[in-house]
Amino acid sequence: SGMGRYFTRQDIERRSPIQISDMFTAMAGVSVYQVGAFGHRVVMGGGVHGNCVPTFYVDGVRLAMASDGDIDSLLPAYEVAGIEVYRNDLEAPAEYRGSSGCGSIVIWTTGAMP
């Protein structure tokens, strides 16, 4: 019932991401910044909070991100079956509203999909 952006397994396969962060490049309202040699931080832009790091969920479980916010360290891209992107808490269903007020990214793995 959320009003976010959704990527199915077919969308992901079509884009052939090397890392999860590759799915977020060129998405309106979302920026990707390099952290370290191989990692990337996904940041939601604009709105009342300016640029901020969203709350992340994997298979419906909220994650405590590393301090650098590296999304690519979560899991390999080939294990991702679906992605939901909510750029602010008003877009997200209640169960995926983070405490940051910055939106949420929900990642579903191949093991969690029916």
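Attention in this report is confined to the structure presented alongside it. Worth saying up front: this structure is predicted, and the values here are computed from it rather than measured.

1. Brief notes about the overall build of the chain
In terms of helices and strands, the chain carries one helix and seven strands. Counting the 114 residues in the chain, one finds 44% classified as buried. Long-range contacts, defined here as pairs at least 24 residues apart, represent 58% of the contacts in the chain between residues at least 6 apart. Looking at the chain as shown, the accessible area adds up to about 6,100 Å², and 54% of this sits on carbon and sulfur atoms.

2. Side note on the sheet that holds strand β4 (residues 55-58)
What the five strands build is an open sheet, ordered β1-β6-β7-β4-β5; its pairing is mixed. In this open sheet, the two strands that pair with only one neighbour each are β1 (5-7) and β5 (61-62). Note: β1 against strand β6 (residues 80-86), three bridges, orientation antiparallel. Its bridge partner being in β6, Phe-7 is matched across the sheet by Ile-83.

3. Details of the environment of Val-35
Residue placement: Val-35 occurs in strand β2 (residues 30-35). Note on Val-35: relative accessible area 14%, which makes it buried. Residues Val-35 and Gly-69, 34 residues apart in the sequence, show an inter-C-alpha distance of 8.3 Å.

4. So, unusual backbone geometry
Excluding glycine, a negative phi dihedral is what most residues carry, and trans is how most peptide bonds are arranged. If you check the backbone angles, Ser-16 has positive phi at about 45° while not being a glycine. For Ser-16, a relative accessible area of 52% corresponds to the exposed category. Non-glycine residue Asp-59 carries a positive phi angle of around 55°. By the secondary structure assignment, Asp-59 is in the loop between β4 and β5.

5. Observations concerning the pairing of strand β7 (residues 104-109)
Taken across its six residues, β7 has five buried, putting it largely inside the fold. Pairing of β4 with β7, which is carried by four bridges, proceeds in the parallel orientation. Bridging across to β7, Thr-55 finds its partner in Ser-104. In this structure, β6 lies alongside β7, joined through six bridges in antiparallel fashion. Residue Val-80 lies in a different strand from β7, and its bridge partner there is Thr-109.

6. Describing the environment of Gly-111
With respect to the helices and strands, Gly-111 occurs in the segment after β7. C-alpha of Gly-111 to C-alpha of Ala-81: the two residues are 30 residues apart in sequence and 8.4 Å apart in space.

7. Quick word on the pattern of salt bridges
For the structure shown, the criterion picks out three salt bridges. The residue Arg-14 makes a salt bridge to Asp-11 at a minimum N-O spacing of 2.6 Å. Of this pair, Arg-14 and Asp-11 are both found in helix α1 (residues 9-15), three residues apart, which corresponds to roughly one turn of the helix. The class for Arg-14 is exposed, based on a relative accessible area of 62%.

Rules used throughout
Residues numbered from 1 in each chain as written. Predicted model: local features only at pLDDT ≥ 70, side-chain atom pairs only at ≥ 80, totals over all residues. Heavy atoms only, no water. Helix = DSSP H or I, 4+ residues; strand = E, 2+ residues; numbered from the N terminus. Buried < 20%, exposed > 50% of the residue type's maximum accessible area, 1.4 Å probe, protein only. Contact = heavy atoms within 4.5 Å. Areas by Shrake-Rupley, 256 points an atom, 1.4 Å probe, with all protein chains shown as cover. Pairing = 2+ DSSP bridges. Salt bridge = Lys/Arg side-chain N within 4 Å of Asp/Glu carboxyl O.

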